[in-house]
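Residue-level structure breakdown
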Amino acid sequence: MALDSETMQGLLDSVTRFVRERLRPLEHQVAQEDRIPPEIRREIADMGLFGLSIPDEYGGLGLTMEEEVRVAFELGRTSPAFRSLIGTNNGIGSQGLIMDGTEEQKQRYLPRLASGELISSFALTEPEAGSDAASLKTSARKVEGGYVLNGTKRFITNAPHAGLFTVFARTDPSQPGAKGVSAFLIEAGTPGLSLGPVDRKMGQSGAHTCDVIFEDCRVPADALLGGREGQGFRTAMKVLDRGRLHISAVCVAMAERVIEDSLRYAVERKQFGQPIAEFQLVQAMLADSRTEAYAARCMVLETARAKDRAEDVATDAACCKLFASEMVGRVVDRAVQIHGGAGYIADHGIERFYRDARLFRIYEGTSQIQQIVIARNMVKALG
Ligand code: COS
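The rules behind each value
Along each chain, residues carry numbers from 1 onward, in the same order as the chain's sequence is written. Local features in this predicted model are restricted to residues whose pLDDT is 70 or higher, and side-chain atom pairs enter the listing and the counts only when it is 80 or higher, whereas totals over whole chains, interfaces and linings include all residues. Side-chain calculation: all heavy atoms of the structure are included, whereas hydrogens and water are not. Marked domain ranges trace back to an automatic or database domain assignment. Put simply, buried area is how much 1.4 Å-probe accessible surface two parts lose in total, over both of them, once they are put together. In the sections that follow, a salt bridge refers to a side-chain nitrogen of Lys or Arg positioned within 4 Å of a carboxyl oxygen of Asp or Glu. For the purposes of these results, a polar contact is taken to be a pair of N or O atoms within 3.5 Å, where, inside protein, one atom must be able to donate a hydrogen and its partner to accept one; residues adjacent in sequence count only when each atom of the pair is a side-chain atom. The numbering of helices and of strands both runs from the N terminus, where a helix is a DSSP run of H or I of at least 4 residues and a strand a run of E of at least 2. Exposed residues in this analysis have more than 50% of their type's maximum accessible area, buried residues have under 20%, and partly exposed residues fall in between, with area computed by a 1.4 Å probe over protein chains only. Any two residues whose heavy atoms approach within 4.5 Å at even a single point are treated as in contact. We define the nonpolar core as a collection of buried residues of types Ala, Val, Leu, Ile, Met, Phe, Trp, Tyr and Cys that are connected through side-chain atoms lying within 4.5 Å of one another. Neighbouring residues are identified by heavy atoms, a residue being near a molecule or strand if any of them is within 4 Å of it. Surface exposure here means Shrake-Rupley accessible area, sampled with a 1.4 Å probe, where a residue is shielded only by the protein chains that are shown. Only Asp, Glu, Lys and Arg are considered charged in this grouping, and only Ala, Val, Leu, Ile, Met, Phe, Trp, Tyr, Cys and Pro are considered nonpolar; every other residue, Gly among them, is considered polar.

What follows is about the domain arrangement of the chain. By domain assignment, the chain separates into domain 1 (5-115), domain 2 (120-230) and domain 3 (234-382). Measuring from the centre of the C-alpha atoms in domain 1 to the corresponding centre in domain 2 gives 23 Å. Carbon and sulfur atoms supply 53% of the area buried between domain 1 and domain 2, which totals about 1700 Å² over both sides. At the junction of domain 1 with domain 2, the criterion picks out one salt bridge. Between D222 and R108 there is a salt bridge, with its nearest N and O atoms 3.3 Å apart. Linking domain 1 with domain 2 are 13 residue pairs in polar contact (both at pLDDT 80 or more), by the criterion used here. Looking at the side of domain 1 that touches domain 2, the elements with two or more residues in it are α2 (27-33), α5 (80-90), α6 (95-100) and α7 (103-115).

Tracing the backbone shows S84 in helix α5. Exposure remark for S84: the relative accessible area of 5% places this residue in the buried category. With residues up to four places along the chain from it excluded, the contact list for S84 reads T157, N158 and A207.

Bringing unusual backbone geometry into the picture now. Phi is positive for D34, close to 55°, though the residue is something other than glycine. You can see D34 is positioned in the loop between α2 and α3 (38-46). Despite not being glycine, Q204 has its phi angle at roughly 55°, a positive value. Note that Q204 resides in the loop between β6 (193-195) and β7 (209-220).

The next thing to look at is the environment of N89. Position of N89 among the secondary structure elements: in helix α5. N89 sits in the buried class, given a relative accessible area of 0%. If we skip the residues at most four places from it in the chain, N89 touches F50, I54, S94, L113, G116, L118, I119 and S120. A polar contact is formed between the side chain of N89 and the backbone oxygen of L113, at a distance of 2.9 Å.

One finds V300, V328 and F360 to be the most contacted residues of the largest nonpolar core, which totals 35 residues. Listing elements by their share of this core, those giving two or more residues are α4 (65-75), α8 (232-268), α9 (280-308), α10 (314-339) and α12 (350-357). The element contributing the most residues to this core is α8, with 10 residues. Counting contributing residues per domain, this core is built from domain 1 (5-115) and domain 3 (234-382), each supplying no fewer than three.

In the vicinity of the ligand lie 21 residues, with S131, K179, D241, R244 and R376 positioned nearest. The contact in question runs from a nitrogen atom of the ligand to an N or O atom on the side chain of D241, over 2.8 Å. Between an oxygen atom of the ligand and a main-chain N or O atom of G365, the distance comes to 3.0 Å. Relative to its free-state accessible area of 1000 Å², the ligand is covered by the protein chains to the extent of 70%. It is α8 that contributes the most residues to the shell around the ligand, seven residues altogether. When the residues that make up the shell around the ligand are grouped by side-chain class, the tally is 10 nonpolar, four polar and seven charged. Counting contributing residues, the shell around the ligand receives three or more from each of domain 2 (120-230) and domain 3 (234-382).

Structure below.
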């Protein structure tokens, strides 16, 4: 454990209180305005939440995976936009640097990522390369003293706010697959790097994505992550293994939140002269949701502990992501059903969670990609 149990409990209590007292009252406003108030960003930074997973020698809290998912279980009990603000700095935006960066690169960026001064983004997906990430086309041509990048990245979370991008580009055009891909650390404002308009989305208002465009964007040689070409795809896959666990914890949290809302509604709402919670058909929905959320919580905790023991969790992290994201989809669907007409009304809260949850089955690898990862690893393990 990175923190002693008292400090860890203190952190969890303060996140729980922050979610209840500060974030939940703002859910409607954030959805309406599609923006997180700047004072909330400051409070999140003051609590150290931008640096949950960044090692303490670089100014982060250096949480273990188990500790990190426990924080996500609390932080995820509100609109996912709040978690998304810190999501890339703790996950896909910083982990490539932590896992494979040079010491100099870590010193240069991690302290500012941990403090929240700098937001980072993970630029892998392209218009023609989503699930088939290894087919990416963005090129990084080697020139005197550095590289020149050309290409477009799509749906990049937090790109409109990012000061730093981890960009995956092909350094070896003779290698069409994973082997020709390298990762680069590129700062916002670099000439030749521009952003597309902010995407309009089905849900998760307050969390922003956009295209990141490279047009003859010249970067110095030391922008190459880890100083080694051809390692980028492996880095991306390792980062996603970890990210998928974090997202699974967020799915558990959202499920637990909407179960809590559904239970309260079912106890208060009366039909046929009694609370609908007394009806066994409603009870069945509550019980199924509770059971599935509990199963996902156990999977996530167990896999996080295995990761902390340095075991290979690629298969189990994919199992967690597959089950937890599908689970929360079923749970929010039942929550709408329990709320009846009220659950269909915009901005009631449940309708918003229903839309917000849909993304979990898509990003950081669709459910179908998780199935492929799981089954391929099973076959491979057979030898
Ligand atoms: N950890 C470390 N290395 C890994 C790895 C992992 N979890 N998964 C794959 N690799 C390595 C492989 O070992 C292989 O290296 P070698 O050739 O040296 O053995 C290399 O990466 C290529 O792997 P693979 O052959 O499995 O690549 P594929 O192109 O067949 O595709 C999938 C792999 C489909 C799993 C991958 O493209 C993927 O995860 N796609 C989804 C991408 C995604 O999640 N996008 C979401 C947007 S980012 S928020």
